[in-house]
Amino acid sequence: MKRLALLILGLSVAFISSCADIKLAKEYYAQGNYPAAVKELRPLVKRGFPQAYYLYGKLIVEGKVKGVPPEEGVKFLELAYEKGIKKALLDIAKFYLKEGEVDKAIKYLRLASEEGVPGAQELLIKTLIKNNRVNERVIGQALALARQNPQLYKLLANYYLEKGNVKRAEKLLEKAYKAGIEKAGLTLASLLIREGKLSEAEKLLEELYVKYGDKEAALKLGKIYEIRAKSLKLSYCPIVTAKTPEEFFKAKLKLQAERKEYLLTALKWYERALPLLEAQYRVARVKWELSGNSCGDFKTILRFAKLGAKPAIADLQRLYGAAGRCPAPPQMEQERKELRGLKELYGVEVKATKENPSEVLFKRGMELLKYNPEKALKLLEEACSYGNTKAEIELALLLKDKNPQIAGAVLYYYAKVKGVPRAMVALAKLYLSAGNEEKYLYWIEKAAKLRYTPAMRLYALYLINHNREELAIKLLKEWEEEGYCFAAILLGAIYEGDYGDLPIDFKKAEFHYKLAVENGCVDGYYRLARLYNFLDRPKEALPLAEEYHRLVPSQVKGLVLLTRIEMNLNNYQRAGSYLSQAIEMGYIPTYNEIAQLARFIPTKLLLSGQVRYRSYMVVAMKLGKSNFPLSFCLAYEAGLHKTPRAAMLMFNLASLVNTREDALAIINAGKRENYCKNLIERRLVTVVRVLKEGR
């Protein structure tokens, strides 16, 4: 009996001692003294204590035990679980999540949930949602748990956003916000802004700012007022409707005054959002705009871009990039590759957004000016109604014959008073159209001295056209060495035979285009791809054209070039896909493109806008004399809509007339209203069949 008592006493002392050691190990762990914790735990692990297994395994999976790979910790955590420590399952699951082994993590989370481990079910639901392993049962469980854990509302909202169900996401974010999740309110406000519900977003953000002093809320409020400033527009384009320069400037000043009020309010909110990095940049940007400096300060924008301010990265490309409106310093070209890396790192897309609708309209208008002038003019007029300076300058040039007084006044104001290089170039062109070459050269040189690249380019072209090619080449090579993209591309174009009388030298053209590509010049990809395709090297051209399209997907000419390269490679289906996209963006294809690719283009596109009449011409040429009334009517309708070569085709068809029926078709087309239109409508199935099948 005495021996038994001594044994029990010994075991009790050993147990109490072990408990003390475990407690000490936990204290060391909490203090971050991991080597000491490990020293205390190892003897206890050898003796098989469950708590020792657990804490030792936890230290290993956290990478706190030197010389032991983290995955070894799973073994000890499993031993701890077998001895009754259920929470070890959660630690194993968290380890596998950290390692990216989602399937294993889900397995242990399910087991932990079944064992009733606190937090396991919530983490399981979160993991399933984040990894798109969602079904109705998971959603039901998430909604049930969200009453105690509102973060799940936000997580579910993110899931629905990825699936494109914005309305459902908004409802869940609203629930999360009402349950006290501040970030859910910010996300909801962002969605409302994206949908154009600015008043609703403003009310929510003001509440967030008052309740939490949230600087992100202040930043978004600033954005709302900046959007309002940029979205402010007249119901008309003053440069088109005004009869006198006074009328134009009166409308312009009214718009500017209203916009200034919005910008001042935006500035107030941005200042409240300081010291957030984006707020710092936006404060600077609004101040530039209020002072009339639309280009900002290159060095400041570059500094913020390198710090990761997304609007600065976008502005640097938008203002100083290849298609920018501001005079780009030479180092801009050297920064271009780094900027592409920044865009990939921070997920920035350089494109016009809802914040600058006039930029969207202006860009689209300029892209379509060559392919669809009528549509381009409408887009530029709408951009002008927002007070877009660039649109006003372009319209002044386009409408100079209609109202030369206003055109001259507008361009002179922006060139002389505001010192806008784009206006200087436009004014120079106006003088040239009036035959005043001296004034043309004066304004081009003035803009070129400001390092405005279009002016520098025009100055070089002026020298080439006036038999001073040697000086032009010398200047262009100097500018090329400084890193100016346009110089490398223009040199390539000169050697390709586009300008001047120098002998064509494709090798030299290729050299300069390659240099442009190496320097990150976007247009270099286009020019080199076009050259290779012309030289019957479409396989080399394709990756360059694809890269150009990736960099500037909004450029129609990239899609057109891809169409022609794929045609050279006999990939007609892919060519048809590219051409369809180009048509959707306003491009009017050539007769050859329609004839070869019609079967791969949706019928609705072939019969849309001006493309319809090109399609009519293709069918008329295919049918010829075999169906004279329909052929002639197709050419006739195309001619009414000023389609190229329609008149010539009608003449050629008329020369083939040798029956009374054919002659009657010509008479009816001219005398009977809608005769041809109605005939085509009745035979539309035939038209489409011939277009698609060639018969």
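Everything here concerns the structure above.
On a predicted model such as this, the values are computed, not experimentally measured, just so you know. (Residues numbered from 1 in each chain as written. Predicted model: local features only at pLDDT ≥ 70, side-chain atom pairs only at ≥ 80, totals over all residues. Heavy atoms only, no water.)

## Points about the packing of aromatic side chains
Moving on, step 1. Per the stated rule, a full pass over the model turns up 20 aromatic pairs.
Moving on, step 2. For the ring pair Tyr 526 and Tyr 548, a centre distance of 5.4 Å and an interplane angle of 50° mean the geometry is tilted. With Tyr 526 in helix H30 (residues 522–534) and Tyr 548 in helix H31 (residues 538–551), this residue pair connects regions lying 22 residues apart in the sequence. There is no split in this pair, since Tyr 526 and Tyr 548 are both buried.
Moving on, step 3. Here Arg 303 stacks its cationic end above the ring of Phe 304, 4.7 Å away from the centre of that ring.
Moving on, step 4. When the ring centre of Tyr 442 is taken as origin, the NZ or CZ atom of Lys 439, which lies over that ring, is 5.9 Å away. (Phe/Tyr/Trp six-rings, centres within 6.5 Å; stacked < 30°, edge-to-face > 60°. Helix = DSSP H or I, 4+ residues; strand = E, 2+ residues; numbered from the N terminus. Buried < 20%, exposed > 50% of the residue type's maximum accessible area, 1.4 Å probe, protein only. Lys NZ or Arg CZ within 6 Å of the ring centre and 35° of its normal.)

## Structural notes on unusual backbone geometry
Moving on, step 1. Cis geometry is found at the peptide bond from Leu 274 to Pro 275, where omega equals 10°.
Moving on, step 2. By the secondary structure assignment, Pro 275 is in the loop between helix H15 (245–272) and helix H16 (277–290).

## What to know about helix H37 (residues 628–640)
Moving on, step 1. Its 13 residues give H37 an end-to-end C-alpha distance of 18 Å, which sits within 8% of 18 Å, the value for a rise of 1.5 Å per residue.
Moving on, step 2. Most of H37 is tucked away, with 10 of its 13 residues classed as buried.
Moving on, step 3. Regarding H37, the residues found buried are Phe 628, Pro 629, Leu 630, Ser 631, Phe 632, Cys 633, Leu 634, Ala 635, Glu 637 and Ala 638.
Moving on, step 4. Residues of H37 that are buried sit in contact with helix H36 (609–623), helix H38 (646–654), helix H39 (660–671), helix H40 (675–682) and helix H41 (684–693). (Expected span 1.5 Å × (residues − 1). Contact = heavy atoms within 4.5 Å.)

## A short note on the nonpolar core
Moving on, step 1. Membership of the largest hydrophobic core comes to 131 residues, with the highest contact counts inside it found for Ile 239, Leu 411, Leu 476, Trp 479 and Leu 634.
Moving on, step 2. It is helix H28 (residues 485–496) that provides the largest number of residues to this core, a total of 10 residues.
Moving on, step 3. If sequence neighbours within four positions are ignored, Trp 479 has contacts with Arg 451, Met 456, Tyr 459, Ala 460, Tyr 484, Phe 486 and Ala 487.
Moving on, step 4. Core analysis: the second largest hydrophobic core is formed by 89 residues, Val 61, Ala 146, Tyr 159 and Ala 189 among them. (Core = buried A, V, L, I, M, F, W, Y, C linked by side-chain atoms within 4.5 Å.)

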